[in-house]
Amino acid sequence: MPPLLTLSGLHKSFGGVRALAGVDLELHRGSITALLGENGAGKSTLVKILSGVHQPDAGAIHFDGVATRIPTPTDARDLGIGVVHQECLVFEHLTVAENLFVNAHPRRAGLVDWDTVQRRAQAVLDELGADFGARTSVASLSIAQKHVVQIARALVNDSRVLILDEPTASLSQRECAELFRIARKLRDAGCALLFITHRFEEIFELADRYAVFRDGVSVGAGALGTTGRDELIRLMVGRPVEQLFPKQAVQPGEILLRVENLGRAGEFEDISFTLRRGEILGIYGLVGAGRSELAQVLFGAERAHAGSIGGSLAGGVDIALVPEDRQSQGSILPFSIAANIALPNLATLAPRGWLRSRSERALAQHWIDALAIKAEGPAQAVQSLSGGNQQKVVLAKWLARKPAVLILDEPTKGIDVGAKAAVHQVMSEFAGAGHGVILISSELPEIIAMSDRVLVMRRGRLRGEFTRADATPSALLRAASDA
Amino acid sequence: MKFAYRNRSQVARRDLQFAVLTVVLLAAVVLKYPAFAAPDNLAGVLDDTAILVMLALGQMLVILVRGVDLSVAANLALCGMLAALFNREFPDAGVLPVLLLTIVAGGLLGAFNGILVWKLRLPPIVVTLGTLSIYRGVIYLLSRGSWVNENEMSPDFLAFTRAHFLGLSTLAWLALACAAVFIVALRRLPTARNLYAAGGNPEAAAYSGIDAGRMQFLAYVVCGAIAGLAGYLWVARFAVAYTDIALGFELQVIAACLIGGVAITGGTGSALGVLLGCLFLGIIRSSLPLVGISAFWQMFINGVVILAAVLLSARPQDRLRATLEAPR
């Protein structure tokens, strides 16, 4: 039997950034296909195209053998494509029953037929074996239950294709088992499922086929039976480790930062490590492993619930954080470059409590030159800069403080190759000058090229420590995704 | 997440609690001033509150979809002036053309707000702050700053709002009819349900094929049409039209919505709650003079009631979002 859904040669770019550059995918009836790929491989873009939210620039979609387009989410629904979104897109204010029928209310004489809504919703929930009723308020449900609501929504729309976008990322083991039970039930009923996950054990437990994306391109697909874990890992990361800026060799000095048994409820626990002068310490892990949360606590933006952070310096350690989300956390977009760089340095710039714009501008100009920020001048607003140059501004504002420890959370995410090399160079020089750097990244080549030592986090815990020599892509990926 | 939800049954519970509170307030006033309970007086209170009820129901739609309409009172005043001028030109045309004129004109003014919010994605508060001034300015241009007085209005133009059936004025009946229509429509009209969905979670609404911007547009059109109709009612009731009628009234309208349990963050609210909120304000407003409290205290009490209502009914994370604290 031909596949139920076939995607061939899909391309999609966003403002010059290529998200998909030739993706093929087949989903078969009564089959669960696992979709694998590193962050940024193009999985989310694919989900959005199948949801009718984005349109591909090129390529073809065949549903049940017929060439088709999915111009709007309504078309996706009418076609029979249901999506369980990773971020749990439900209506908290409404009941479960109404959530299932939003924008598709059964009507009688033009009015919503609530009896039918209630009855059909309850029937679908019973069929799924849900442990909550149709009249429940969605806001009172757990994340796992909200996923079930999304699945139920797909079912009332008679979906034949169901996409599960990393549904297990925030579920407990028992909740995962429940979700898998429902997924198998739908598979046996003839649905074609696409299961996106980072966890290998789940892939082998649930899926029977696989597809791997890398950098927006399909690099492998087929039946899972004969394919082993190592083969999948090789497909996921199998690119040459490009290194545009060679890391300087350093001899680590005295201990700068000592973290012991650090924990924060629900986010991470029992984290211990040290950081030495001149060292770049990489922290690798998949999205949701607790790395950014750890960074927030180290920086002091969140409070630790357990453990301690100590250092060699009297009166604590001066730690700076370049956060993952540079647009909302790293900078104040409407402010000028000068004002952004000045923010963490006001004490130096205004020793008597009076800020002089001349010294503010001079400081900004210094960093514009030092980091080669492409801008008209210190007065230009940060929001009008390119992503790479915005990131350089965020770096500059913290480098100007000369912190003992600099934490970089996904510092090169979404920026172009040139800016990336510049960030790597700054990082390396800063460490070389006797400071400590913690580099958090989901990008294996970056972690491996830049780090003197790599810690791997998974589900809130440290799962391994690797020296520069031991840190191979497959070793890190294995530590990050194994149970 | 313990307090984090307000589903339909919870909204119903809040409406019930608020109804009890309104009755308690009424009972307290009546206990002290039995004359307040006279049918004529209660009918008068309803008559006084009727326009507020209608405007608040329209405003509620806009707030449900995360908007706000500051221009309702200006819209009312402009359409009121249109009605008065039309009546002066065609005194024998009757009331029906006036009703149609004001509803259509008000709807168009609302549509102008809606287009700016929907297509240009401008913030609702800015758009309607702008149109508030523009609409008032247009009244001045239309009337050249002059008043239209009672002696220039035809008898049936004036009589419409004052006619009584079964002890209640036309105004009161209109307000009750509006409330009844809203209660049923918001519960059972598919488009109205999409309004709740779009206001509650615009992103999820988009994935369900609902255009949240279009929902905002519709809300503004309905709100505007009601404001337009209210313009005629206001002018006929007070028998005068000039640039500054209902000046600042939009704030009372928004206050009534908030007191009635409409969340300023969108997605939650009921027509019954809004009706009760208006009646609550109306009872306070008409009983204060009896108690001998000055108008200044009336504003003060309104303010306290708003803050108390919002404090009691807002969900904790709404409060968080309304302040400058970073989302977590």
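Residues numbered from 1 in each chain as written. Chains lettered and ligands numbered in written order. Predicted model: local features only at pLDDT ≥ 70, side-chain atom pairs only at ≥ 80, totals over all residues.

(A) Seen up close, the overall build of chain B. Of the regular secondary structure elements, chain B holds 14 helices and four strands. A compact globule built from 328 residues would reach a C-alpha radius of gyration of about 20 Å, and chain B, at 20 Å, matches this within 12%. By principal-axis analysis of the C-alpha atoms, chain B measures approximately 60 × 55 × 35 Å. Sorting the 328 residues of chain B into buried and exposed places 48% on the buried side. For chain B, restricting intrachain contacts to residue pairs at least 6 apart in sequence, the fraction spanning at least 24 positions comes to 80%. (Helix = DSSP H or I, 4+ residues; strand = E, 2+ residues; numbered from the N terminus. Rg over C-alpha atoms; globule rule 2.2 N^0.38 Å. Buried ≥ 20, exposed ≤ 12 C-beta atoms within 10 Å, placed from the backbone. Contact = placed C-beta atoms within 7 Å.)

(B) Geometry of the packing of helix α4 (residues 95-118) of chain B against helix α5 (residues 124-143) of chain B. Residue and element names in this part refer to chain B. At a minimum axis distance of 10 Å, the contact between α4 and α5 shows a crossing angle of 145°. In the packing of α4 onto α5, the handedness of the crossing is right-handed. For the pair α4 and α5, the contacting residues are Leu109, Phe112, Asn113, Leu116 and Val117 in the first and Pro124, Val127, Thr128, Thr131 and Tyr135 in the second. Looking at the contact of α4 with α5, its residues break down into seven nonpolar, three polar and no charged. (Axes fitted to C-alpha atoms, helices over the stretch in contact; angles between N-to-C directions. Left-handed = near helix turned anticlockwise from the far one by under 90°. Nonpolar A, V, L, I, M, F, W, Y, C, P; charged D, E, K, R; others polar.)

(C) Structural detail: the domain arrangement of chain A. Residues and elements named next belong to chain A. If you check the domain split of chain A, you get domain 1 (5-237) and domain 2 (255-481). Listed by partner, the interface residues are 10 residues for domain 1 and 10 residues for domain 2. Of the residues forming the side of domain 1 that touches domain 2, the biggest block, three residues, is contributed by helix α8 (residues 229-237). Its residues assigned to classes, the side of domain 1 that touches domain 2 shows four nonpolar, three polar and three charged. (Domains from an automatic or database assignment.)

(D) Structural view of the sheet that holds strand β14 (residues 268-276) of chain A. Residues and elements named next belong to chain A. Read across the open sheet, the three strands follow the order β14-β13-β16; overall the sheet is antiparallel. What marks the edges here is a single partner per strand, and that holds for β14 and β16 (306-311). On average, adjacent strands in this sheet sit at an angle of 5° to one another, irrespective of strand direction. When strand β13 (residues 255-264) meets β14, the two strands line up antiparallel, connected through six bridges. Residue pairing in the sheet places Ile255 in a bridge with Arg276 of β14. (Pairing = 2+ DSSP bridges.)

(E) Representation of the pairing of strand β21 (residues 461-467) of chain A in the model. All names here are of chain A. Two strands pair when backbone bridges link them, and strand β20 (residues 453-458) and β21 are joined in this way by six bridges, in the antiparallel orientation. Bridge assignment links Arg458 to a residue of β21, and that residue is Arg461. What sits between the antiparallel neighbours β20 and β21 is a turn of two residues, in which Arg459 has the positive phi angle 45°.

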